Amino acid sequence: KAGVTQTPRYLIKTRGQQVTLSCSPISGHRSVSWYQQTPGQGLQFLFEYFSETQRNKGNFPGRFSGRQFSNSRSEMNVSTLELGDSALYLCASSGDSNSPLHFGNGTRLTVT
Amino acid sequence: GQSLEQPSEVTAVEGAIVQINCTYQTSGFYGLSWYQQHDGGAPTFLSYNALDGLEETGRFSSFLSRSDSYGYLLLQELQMKDSASYFCAARLDNAGNMLTFGGGTRLMVKP
């Protein structure tokens, strides 16, 4: 089975712009979660989608949003980018609530 | 709030045994997971404890005590390739995959 695929691997954006990141889960996995990883704050939960519905949401501002499509692929969007949004954004898929998370290699976003 | 505390760094020699502790303060706790992340790589799942006790998977074991809000990851017969960051993560809800991660422990294995 192919693993979790995230595109693009690297992004450089300017403050005020918006960005869309994409994630393709492992085939058959219906849960997709997004995490932000920074040296200062570590791994922080953004949100989780299951069968096209947001099931959980972390403590991030409304500038961070996401969606999931009928084929379980997911996108997250960050609007009005700030310098502090520079981070590694990780997507993880899972078969169900008791299964391990399978992470993609992430998208490294740099905001200048 | 939710918090998981683990040591920031641990150093050990090849062939040794190392234990990485994790204490947590969370509401709605349903289990403790451990993930390994090499520099530049993705976190990969190592172990999960939903109930008190020891789970063993090859050279890695994980332990959970709910009454003490404490868990640990035990790595035996350390190899150079075990040099990585290790994260404990608490599952906070029964119906989803929302995890709260500890800050990570950087393990350095020396020859």
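As a starting point, this report considers the structure included with it. Here the structure is a predicted model, which is why all the values come from computation and not from measurement. (Residues numbered from 1 in each chain as written. Chains lettered and ligands numbered in written order. Predicted model: local features only at pLDDT ≥ 70, side-chain atom pairs only at ≥ 80, totals over all residues. Heavy atoms only, no water.)

Some points on the sheet that holds strand β1 (residues 5-7) of chain A
Residues and elements named next belong to chain A.
Next up, step 1: Strand order in this open sheet of four strands is β1-β3-β8-β7, and the pairing throughout is antiparallel. Since the sheet does not close on itself, it has two edges, and those belong to β1 and β7 (64-68), each with one partner. Strand-to-strand twist across the sheet, computed as the mean angle between neighbouring axes with direction ignored, equals 20 degrees.
Next up, step 2: Bridge count for strand β3 (residues 19-24) against strand β8 (residues 74-78) is five bridges, and the pairing is antiparallel. Within the sheet, the bridge partner assigned to C23 lies in β8 and is S74. (Pairing = 2+ DSSP bridges. Helix = DSSP H or I, 4+ residues; strand = E, 2+ residues; numbered from the N terminus. Axes fitted to C-alpha atoms, helices over the stretch in contact; angles between N-to-C directions.)

Quick look at the state of the cysteines
All names here are of chain A.
Next up, step 1: Applying the stated criterion to the full structure yields two disulfides over all chains.
Next up, step 2: Covalent S-S linkage joins C23 and C91, the inter-sulfur distance amounting to 1.8 Å. Negative torsions about the S-S bond denote left-handed disulfides, and the value of about -60 degrees found for C23 with C91 makes this one left-handed. Pair noted here: C23 is in strand β3 and C91 is in strand β9 (residues 87-94), with a separation of 68 residues, a long-range link.
Next up, step 3: By relative accessible area, which is 0% here, C23 ends up buried.
Next up, step 4: For C91, a relative accessible area of 0% translates into the label buried. (Disulfide = S-S within 2.5 Å. Buried < 20%, exposed > 50% of the residue type's maximum accessible area, 1.4 Å probe, protein only.)

Overview of the environment of S99(A)
Next up, step 1: Mapped onto the fold, S99(A) is located in the loop between β9 and β10 (102-103).
Next up, step 2: The sequence separation of S99(A) and S72(A) amounts to 27 residues, and the corresponding C-alpha distance is 17 Å.
Next up, step 3: With residues near it in sequence (within four places) discarded, S99(A) still touches S94(A) and N97(B). (Contact = heavy atoms within 4.5 Å.)

Looking at the interface of chain B and chain A
Next up, step 1: Taken together, the contacts link 15 residues of chain B with 21 residues of chain A.
Next up, step 2: Buried surface at the junction of chain B and chain A, both sides included, amounts to about 1,500 Å², of which 53% is carbon and sulfur.
Next up, step 3: At the boundary of chain B and chain A, one finds six residue pairs in polar contact (both at pLDDT 80 or more).
Next up, step 4: Counting only elements with at least two residues in the side of chain B that touches chain A, the list comes to β4 (31-37), β9 (84-91) and β10 (99-101) of chain B.
Next up, step 5: Considered class by class, the residues forming the side of chain B that touches chain A number nine nonpolar, four polar and two charged. (Buried area = accessible area lost by both parts, 1.4 Å probe. Polar contact = N/O pair within 3.5 Å; in protein donor to acceptor, adjacent residues only side chain to side chain. Nonpolar A, V, L, I, M, F, W, Y, C, P; charged D, E, K, R; others polar.)

Section: the side chain of D82(B)
Residue and element names in this part refer to chain B.
Next up, step 1: Note that D82 resides in the loop between β8 (70-75) and β9.
Next up, step 2: For D82, a relative accessible area of 2% gives the class buried.
Next up, step 3: Among the polar contacts made by the side chain of D82, one reaches the side chain of R59 at a distance of 2.8 Å.
Next up, step 4: Apart from the residues within four sequence positions on either side, D82 is in contact with Q36, R59, F60, E77, L107 and V109.

Description of the nonpolar core
Next up, step 1: Residues Y35(A), F103(A), L32(B), L75(B) and F101(B) are the most contacted members of the largest nonpolar core, which totals 38 residues.
Next up, step 2: With six residues, β9(B) is the largest single contributor of residues to this core.
Next up, step 3: Apart from the residues within four sequence positions on either side, F103(A) is in contact with V4(A), Y35(A), L90(A), C91(A), A92(A), Y35(B), A42(B), P43(B) and F101(B).
Next up, step 4: Core analysis: the next-biggest nonpolar cluster, separate from the first, contains 21 residues, W34(A), L46(A), F60(A) and V78(A) among them. (Core = buried A, V, L, I, M, F, W, Y, C linked by side-chain atoms within 4.5 Å.)

A few points about unusual backbone geometry
Residue and element names in this part refer to chain A.
Next up, step 1: Backbone torsion omega between T7 and P8 reads -10 degrees, so that peptide bond is classified as cis.
Next up, step 2: Here P8 shows up in the loop between β1 and β2 (10-13).
Next up, step 3: Its identity is not glycine, yet S72 carries a phi of approximately 75 degrees, on the positive side.
Next up, step 4: The topology assignment puts S72 in the loop between β7 and β8.

Re the pattern of salt bridges
Next up, step 1: Throughout the structure, instances matching the rule amount to seven salt bridges over all chains.
Next up, step 2: Here E75(A) ties to R73(A) by a salt bridge, and the two come within 3.4 Å at their closest N and O atoms.
Next up, step 3: E75(A) gets classed as buried once you look at its relative accessible area, which sits at 16%.
Next up, step 4: Between D82(B) and R59(B) there is a salt bridge, with its nearest N and O atoms 2.8 Å apart. (Salt bridge = Lys/Arg side-chain N within 4 Å of Asp/Glu carboxyl O.)

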